[in-house]
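# Coordinate inspection notes
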Amino acid sequence: MTWIKPPALKPGDAIRLVAPAGPVPQERAERGIAWLKQVGYLPVYREDAFERNRYLAGSDTRRLEELHQAFADPDSRAIMAFRGGFGVTRLLPQLDVAAFRRQPKALIGFSDISALHLSLFGQSQLCSLHGPQVVSLPDAPPDVAERLFRYLGDPDFHGPASPHPLRVLHGGEATGRLIVSNLSLLGTLVGTPFLPDLHGAILVLEDVNEAAYRLDRVLTQVHQAGVLATLAGLVLADLRPIRGEEESVVLWVEERLLELCRPYNYPILSGLRLGHLDENWPLPCGVMARLSANAENLLLLEGMVRHP
């Protein structure tokens, strides 16, 4: 299938705000809504986005309907998640992925929203953006927010994914389509029809509040499912250890990853500032990229949006 780029976003455009995962803290959401208005966009959302059903933002029916309405809305150019959390995987069997191709829009979010990025990557071939969402945008550094809207608004914006050099764990150079995911969530999709074919892809992984043994467990599961063997390259982003654990757990995870990937001989880099932190550098999913040990960086070869 042909890869689809959503139309570029311009100041004044409407952005649909959705809550497909955890319950939305209304005070923080209102800060984010005000921030989006201040920088020149029109946030549009359903009043029931603030519903709560245990650890979810309302029922599966409400959250699924909200997503479908957002993609079908002819008056908006992008869809931004209020927050991540839990529950997106419950929606995957009912997603109308064909509709996403009919009305392509840029989807923005991270954490549990990785399930939607993976679905769009595998079933719709629609480029999306892994990055800050409504409740986190007001706290993002200005250059992070500026880059987010450059990706969304400039069809020609590409180049180095990070302003800082990455650490080389294994040398080499590779080109492939880029996909970013939360590691634990990627592991939960193993064995389901919703894990996309990552053959030839460059995979970026992040996670937070996971013990070292749990990260080891999910990496081993992903490896045993054959996912790591098919990649063109791999990048470790922020792996924030669980509270109380030593920062050295990141080094343990890197060592384990190198053990698992030893037979594959593709480039592996680490240290991308992306994930559950204020400096959450946005990164497009679905675009062509080059991972280069010599350049010590991930290089985007194309923009993620098209001219309107």
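Residues numbered from 1 in each chain as written. Predicted model: local features only at pLDDT ≥ 70, side-chain atom pairs only at ≥ 80, totals over all residues. Heavy atoms only, no water.

Turning next to the overall build of the chain. Helix and strand counts for the chain stand at eight helices and 14 strands. Taken over the C-alpha trace, the chain has a radius of gyration of 18 Å; the compact-globule value for 308 residues is 19 Å, and the two agree within 12%. Based on the C-alpha atoms only, the size of the chain along its principal axes is roughly 50 × 40 × 35 Å. Split into buried and exposed, the 308 residues of the chain put 59% on the buried side. Partitioning the intrachain contacts of the chain with sequence separation of at least 6 by distance along the chain shows that 81% fall at a separation of at least 24. Accessible area for the chain stands at about 12,500 Å²; split by element, carbon and sulfur atoms hold 49% of it. Of note, the chain has its 30 positive side-chain charges centred 4 Å away from the centre of its 35 negative side-chain charges. (Helix = DSSP H or I, 4+ residues; strand = E, 2+ residues; numbered from the N terminus. Rg over C-alpha atoms; globule rule 2.2 N^0.38 Å. Buried < 20%, exposed > 50% of the residue type's maximum accessible area, 1.4 Å probe, protein only. Contact = heavy atoms within 4.5 Å. Areas by Shrake-Rupley, 256 points an atom, 1.4 Å probe, with all protein chains shown as cover. Lys, Arg positive; Asp, Glu negative; His and termini not counted. Charge placed at Lys NZ, Arg CZ, Asp CG, Glu CD.)

A separate point is the pattern of salt bridges. A complete count under the given rule lists 21 salt bridges for this structure. Between Arg102 and Asp96 there is a salt bridge, and its shortest N-O distance comes to 3.7 Å. A relative accessible area of 58% places Arg102 in the exposed class. For Asp96, a relative accessible area of 32% puts it in the partly exposed group. Salt-bridge contacts for Arg256 lead to Glu259; the nearest nitrogen and oxygen are separated by 3.0 Å. Of the two residues, Arg256 and Glu259 are both situated in helix H8 (residues 249-261); the distance of three residues between them amounts to about one turn of the helix. When its relative accessible area of 41% is taken as the criterion, Glu259 is described as partly exposed. What you see here is one network of salt bridges that share partners, running through Arg46, Asp48, Arg62, Glu65 and Glu66. (Salt bridge = Lys/Arg side-chain N within 4 Å of Asp/Glu carboxyl O.)

With that settled, the discussion passes to the sheet that holds strand E1 (residues 14-18). Each strand in a sheet pairs with its neighbour through backbone hydrogen bonds, running either in the same direction (parallel) or in the opposite one (antiparallel). Overall, mixed pairing links the six strands, which are arranged E2-E1-E3-E4-E5-E12 in an open sheet. Every interior strand has two partners, whereas the edge strands, strand E2 (42-44) and strand E12 (283-285), have only one. Looking at each pair of strands side by side, their axes are set apart by 30° on average, direction ignored. Bridging between strand E5 (residues 128-130) and E12 involves three bridges; their strand directions are antiparallel. Across the sheet, the residue bridging to Ser128 is Cys285, located in E12. (Pairing = 2+ DSSP bridges. Axes fitted to C-alpha atoms, helices over the stretch in contact; angles between N-to-C directions.)

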